[in-house]
Amino acid sequence: MIRLKDVEKEYENGTYALRGITLTIDDGEFVFLVGPSGSGKSTIIKLLTGEIMPTSGRIIINGFSMTKISDRQIPLLRRSIGVIFQDFRLIEKKTVYENLSFAMRAVGASPRTIRSRIPYVLELVGLEEKTNQYPHELSGGEQQRVAIARALVNNPNTIIADEPTGNLDPARSLEIMRLLGRINELGTTVVVVTHERDLVDRFQKRVVMLDQGKITGDGVGYEAK
Amino acid sequence: MQRHDFTYFVHEGASNLFSHGFMSFAAVGVTVACLLIMGTFSLVAYNAEMLLKTLESEYEILAFIDDDFSAARTQQVGEKLQQLPNVKSVEFITRQEAMDAFEQRALDDYTRAHLDPNMFRDRYAVFVKDLNLVRQTAEEVRAEAGVEDVRVDEDIAGGFILVRNVAGAVSLALVAVLLVVSVFIISNTIRLTTFDRRDEIAIMKMVGATNGFIRWPFVYEGFFLGLLSSLIAFVLQWLVYAALAQSIVAADTLKFLRVVPFSDIWKPVALTFGTAGMVIGVGGSLTAIRKFLQV
Ligand SMILES: Nc1ncnc2c1ncn2[C@@H]1O[C@H](COP(=O)(O)OP(=O)(O)OP(=O)(O)O)[C@@H](O)[C@H]1O
Ligand SMILES: [Mg+2]
């Protein structure tokens, strides 16, 4: 569960990115986070992954209180969240399989666990044919699916995606959203930041609207206010 | 730490080493040079110290006893000398013994023929604990009633003390400076690999790797660099030392110097080099990655 209460964020240079955000996302929900550029969407994502800390207010995510979390606990928090970015962030020198095993080894998974888990995840994202290819040999949509597989491979209970379709054409974008929808149906909480209104309209999901660091709407569908 | 993690760290560390072959080579080279310089000066200091020890045990202040003193009073003088603070032992030498010793040295026949114990005086050979204090001790001996005269060879003592002190101070300063230099160079080499791997480090953090996990491959890289350096330095040190010892033995003016054979000291030298190498390597890698692991 994700819970933000009166969260404010002022960056070191004085920019006020968030001005009093209160938001609850329950386990198993699928939420779109939308809003114009600079409205604070990525700032919320960074707060959730522990990359930055709030200036004031409280954040609780998967049982970790971000205002009280210790440096030692941050890795544990991150293991409970899978993160996906617009630019994929795959390791170019590693194959699809190695990218996933790298992420698993980083959290201490045994070779045996790695061998049995990766084929399952690759099948889920529809890339079992591409196991031994390198990222540059894949299309943008395929690369993003590798990134999704990597986010899933350590079995997190939450997936957070910051504009996962920003670099993709509409058809690929739809594929990716559907994949995230399927992952959500399997029980994972999914939070997706996006600009693309058409895409949001195709799904009847909860939409949280953000503008100038404030929540301006929260409900099912884009028109909800 | 799990075994599969350990294998992974060692493998990653070793492959980091090769991914910057030239830089690793340069780092090992500089570290070897530093270790060699430190080692050579320390060994010179050590040899000077050993020589000084031998010299100390053989070094004597001669205290000549007043001819008028009876055997009993002479004995009392000896006991008093023994009680002086810097005196290790005293040894009584009769005039006859002194003459016999004198005779041992090659002399011309004339002198030999005219030798007479009465030309000599009874004396005490006074052995000291600390050569540094010889001058003061000699004065105390001279001040003792019944001691007519004192003979002491201050020049030799002073010369060795100087060599020992200078070599000791220089090697101490060198060790401090060169340790910093080698840690710095190894740290820079590893900083290069951390820079190469910054994307991987970012991903490891993103998926929840602990700082310890991220650190280990770099620690191993530094460890290997340090260990390799100390191995090479040890072999070279051996050669350098043997060559120096050889030339000292061969030189006429330096014959009186006794050089401790390397085979007597290779164990502590190897231990010191190994430890220094590891400290330098691991220290270097920890400095390199410290900044990377914040947040
Ligand atoms: N590291 C930073 N330092 C200072 N200001 C920042 C920083 N990151 C973001 N900002 C500012 O905070 C505000 C919110 O930025 P944020 O990245 O959260 O917006 P966003 O909604 O994700 O925008 P976009 O849709 O363009 O990605 C903006 O005004 C931005 O300039
Ligand atoms: Mg953004």
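None of these values were measured; they are calculated from a predicted model.

Caption draft 1: View of the overall build of chain A. Tallying secondary structure elements over chain A gives 7 helices and 10 strands in all. Across its three principal directions, the C-alpha atoms of chain A cover 45 × 40 × 35 Å. In chain A, of all internal contacts separated by at least 6 residues, the share reaching a separation of at least 24 is 67%. Summing over all exposed atoms, chain A offers an accessible surface of approximately 10400 Å²; the carbon and sulfur share of this is 45%. Positive and negative side-chain charges of chain A, numbering 30 and 28 respectively, have mean locations separated by a distance of 5 Å.

Caption draft 2: Up close: the overall build of chain B. Counting its secondary structure elements, chain B contains 10 helices and 4 strands. A compact globule built from 295 residues would reach a C-alpha radius of gyration of about 19 Å, whereas chain B, at 30 Å, exceeds it by more than 25%. By the burial criterion, 41% of the 295 residues in chain B qualify as buried. In chain B, the share of contacts with a sequence separation of at least 24, taken over all contacts with a separation of at least 6, comes to 84%.

Caption draft 3: Structural view of the domain arrangement of chain B. All names here are of chain B. By the assigned domains, chain B splits into domain 1 (3–55 + 159–292) and domain 2 (57–153). Spacing between the C-alpha centres of domain 1 and domain 2 amounts to 50 Å. Contact with domain 1, which involves 7 residues of that partner, is made by 5 residues of domain 2. The three residues of domain 1 that bury the most area against domain 2 are Thr54, Leu55 and Ile161, which together make up 73% of that side's buried surface. Our count for the contact surface shared by domain 1 and domain 2 stands at 0 salt bridges. Along the contact surface separating domain 1 from domain 2 lie 0 residue pairs in polar contact (both at pLDDT 80 or more). Elements with a contribution of two residues or more to the side of domain 1 that touches domain 2: α2 (21–58) and α7 (154–196). Take the side of domain 1 that touches domain 2: its biggest share by element is 4 residues, from α2. Of the residues assigned to the side of domain 1 that touches domain 2, the class counts are 3 nonpolar, 1 polar and 3 charged.

Caption draft 4: Region of the structure containing the site of ligand 1. All names here are of chain A. Near ligand 1 there are 14 residues, and of these Ser37, Gly38, Lys41, Ser42 and Thr43 occur at the shortest range. The contact in question runs from an oxygen atom of ligand 1 to an N or O atom on the side chain of serine 37, over 2.5 Å. At 2.9 Å from an oxygen atom of ligand 1 is found a main-chain nitrogen or oxygen belonging to glycine 38. Look at ligand 1: alone it shows 630 Å² of surface, and the protein chains cover 65% of it. Ranked by residues supplied to the shell around ligand 1, first place goes to helix α1 (residues 41–48) with 3 residues. Class assignment for the residues of the shell around ligand 1 results in 3 nonpolar, 9 polar and 2 charged.

Caption draft 5: How the structure looks around helix α3 (residues 71–82) of chain B. Residue and element names in this part refer to chain B. The end-to-end C-alpha distance of α3 is 17 Å, a good match for the 16 Å that 12 residues give at a rise of 1.5 Å each. Of the residues making up α3, those classed as buried are Thr74, Val77, Gly78 and Leu81. Seen end-on, α3 carries its buried residues on one side only, within an arc spanning 100°. Lining the buried residues of α3 we find β1 (60–65), β2 (87–93), β3 (123–128), α6 (134–143) and β4 (147–151).

Caption draft 6: The arrangement of the interface of chain B and chain A in detail. Counting residues at the interface gives 14 residues for chain B and 21 residues for chain A. For the pair chain B and chain A, the summed buried surface comes to about 1600 Å²; carbon and sulfur atoms form 65% of the total. When residues of chain B are sorted by the area they lose upon contact with chain A, Ile203, Met206 and Val207 of chain B head the list and together hold 35% of the total. For the salt bridge of lysine 93 of chain A with glutamate 200 of chain B, the shortest nitrogen-to-oxygen distance reads 3.6 Å. For the interface between chain B and chain A, the tally reads 1 residue pair in polar contact (both at pLDDT 80 or more). Elements that contribute at least two residues to the side of chain B that touches chain A include exactly α1 (3–19) and α8 (198–207) of chain B. In terms of residue count, α8 of chain B provides more of the side of chain B that touches chain A than any other element does, 6 residues in total. Of the residues contributing to the side of chain B that touches chain A, the split by class is 8 nonpolar, 3 polar and 3 charged.

Caption draft 7: Region of the structure containing the domain arrangement of chain A. Residues and elements named next belong to chain A. According to the domain assignment, chain A contains domain 1 (1–80 + 157–225) and domain 2 (82–155). Relative to domain 2, the C-alpha centre of domain 1 lies at a distance of 23 Å. Counting residues at the interface gives 22 residues for domain 1, matched by 19 residues for domain 2. Of the roughly 1600 Å² buried where domain 1 meets domain 2, counting both sides, 63% is carbon and sulfur surface. Summed over the shared surface of domain 1 and domain 2, the result is 1 salt bridge. Put simply, glutamate 175 and arginine 145 hold a salt bridge, and the shortest N to O gap is 3.9 Å. Linking domain 1 to domain 2 there are 7 residue pairs in polar contact (both at pLDDT 80 or more). Ranked by the residues each element gives to the side of domain 1 that touches domain 2, the list is headed by helix α6 (residues 170–185), at 7 residues. Looking at the side of domain 1 that touches domain 2, its residues break down into 10 nonpolar, 6 polar and 6 charged.

What counts, and at which threshold
Residues numbered from 1 in each chain as written. Chains lettered and ligands numbered in written order. Predicted model: local features only at pLDDT ≥ 70, side-chain atom pairs only at ≥ 80, totals over all residues. Heavy atoms only, no water. Helix = DSSP H or I, 4+ residues; strand = E, 2+ residues; numbered from the N terminus. Contact = heavy atoms within 4.5 Å. Areas by Shrake-Rupley, 256 points an atom, 1.4 Å probe, with all protein chains shown as cover. Lys, Arg positive; Asp, Glu negative; His and termini not counted. Charge placed at Lys NZ, Arg CZ, Asp CG, Glu CD. Rg over C-alpha atoms; globule rule 2.2 N^0.38 Å. Buried < 20%, exposed > 50% of the residue type's maximum accessible area, 1.4 Å probe, protein only. Domains from an automatic or database assignment. Buried area = accessible area lost by both parts, 1.4 Å probe. Salt bridge = Lys/Arg side-chain N within 4 Å of Asp/Glu carboxyl O. Polar contact = N/O pair within 3.5 Å; in protein donor to acceptor, adjacent residues only side chain to side chain. Nonpolar A, V, L, I, M, F, W, Y, C, P; charged D, E, K, R; others polar. Near = heavy atom within 4 Å. Expected span 1.5 Å × (residues − 1). Arc of directions from axis to C-beta.

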